Amino acid sequence: MGFRSPADSMSRDSAPTWFGQPRGLTILFLTEMWEQLIVALAYALLAGAVGTLWSSVNHAQFFAILAVLAMAAGAMLLTMDRSTSRIESER
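Residues numbered from 1 in each chain as written. Predicted model: local features only at pLDDT ≥ 70, side-chain atom pairs only at ≥ 80, totals over all residues. Heavy atoms only, no water.

Focus on the packing of aromatic side chains
Rules: Between 30 and 60 degrees the pair is tilted, below 30 it is stacked and above 60 it is edge-to-face, where a pair is any two Phe, Tyr or Trp rings, Trp via its six-membered ring, whose centres lie within 6.5 Å. Accessible area is worked out with a 1.4 Å probe on protein chains only. A residue is then buried under 20% of its type maximum, exposed over 50%, and partly exposed in between.
Under the definition given, this model contains one aromatic pair. Taking 5.3 Å as the distance between ring centres and 80 degrees as the angle between the ring planes, the aromatic pair formed by Phe62 and Phe63 counts as edge-to-face. Judged by relative accessible area, Phe62 falls into the buried class, the value being 5%.

Set out below in structure tokens:
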């Protein structure tokens, strides 16, 4: 006697559906739509912030600000990586 999943015991007609689609497909669709919404909102916010910054300062200042932000992000990631490595080595 082999392994039988609960789906084997259900007929195709009695399986739960949402608008005629299987539940797993519904969850996949809603997850993908949520991801697309978040990406679109992040892009809109970032584009708005960069556009505002671009129009309010000259080009040299803009790239200097971006360089400082990139260095700050790198320093933050390096600090987080070192603390994580130290915690892992203590185990």
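Points about a nonpolar patch on the surface
For clarity, the cut-off: Grouping into patches uses exposed residues only, defined as over 30% relative accessible area, and leaves out salt-bridged ones; the cut-off is 9 Å for like charges and 5 Å for nonpolar side chains (Val, Leu, Ile, Met, Phe, Trp, Tyr). Using a 1.4 Å probe, the Shrake-Rupley method yields the accessible areas, and only the shown protein chains count as cover for residues. We define a salt bridge as a contact between a side-chain nitrogen of Lys or Arg and a carboxyl oxygen of Asp or Glu at a distance within 4 Å. Helix and strand labels come from DSSP, where a helix needs a run of H or I of at least four residues and a strand needs a run of E of at least two; each type is numbered from the N terminus.
A cluster of nonpolar side chains, Trp18, Phe19, Phe29, Leu30 and Met33, forms an exposed patch at the surface whose accessible area comes to about 580 Å². Of the residues forming the nonpolar patch, the biggest block, three residues, is contributed by helix H2 (residues 23-56). Turning to its location among the elements, Phe19 is positioned in the loop between strand S1 (17-18) and strand S2 (21-22). The exposure class assigned to Phe19 is exposed, which follows from its relative accessible area of 72%.

Some words on the side chain of Thr26
Short version of the rule: Here, residues are in contact when the closest pair of their heavy atoms is within 4.5 Å.
Among the structural elements, Thr26 can be located in helix H2. Leaving out residues up to four positions away in the same chain, Thr26 has contacts with Trp18 and Gln21.

A word on the packing of H2 against helix H3 (residues 59-90)
As a reminder, the rule being used: For helices, the fitted line uses only the C-alpha atoms of the stretch in contact; every axis is such a line through C-alpha atoms, and the angle between N-to-C directions lies from 0 to 180 degrees. Convention used here: angles under 35 degrees read as roughly parallel, angles over 145 as roughly antiparallel, angles from 65 to 115 as roughly perpendicular, and any remaining angle as oblique. For this scheme, ten residues count as nonpolar: Ala, Val, Leu, Ile, Met, Phe, Trp, Tyr, Cys and Pro. Four count as charged, namely Asp, Glu, Lys and Arg, and the remainder, Gly too, count as polar.
Two elements in contact, H2 and H3, have axes whose closest approach is 8 Å; the angle formed by their N-to-C orientations is 140 degrees. When the axes of H2 and H3 are compared, the pair comes out oblique. The segment H2 lies against H3, with Val50, Leu53 and Trp54 engaging His59, Phe62, Phe63 and Ile65. Taken together, the residues that form the contact of H2 with H3 break down as six nonpolar, one polar and no charged.

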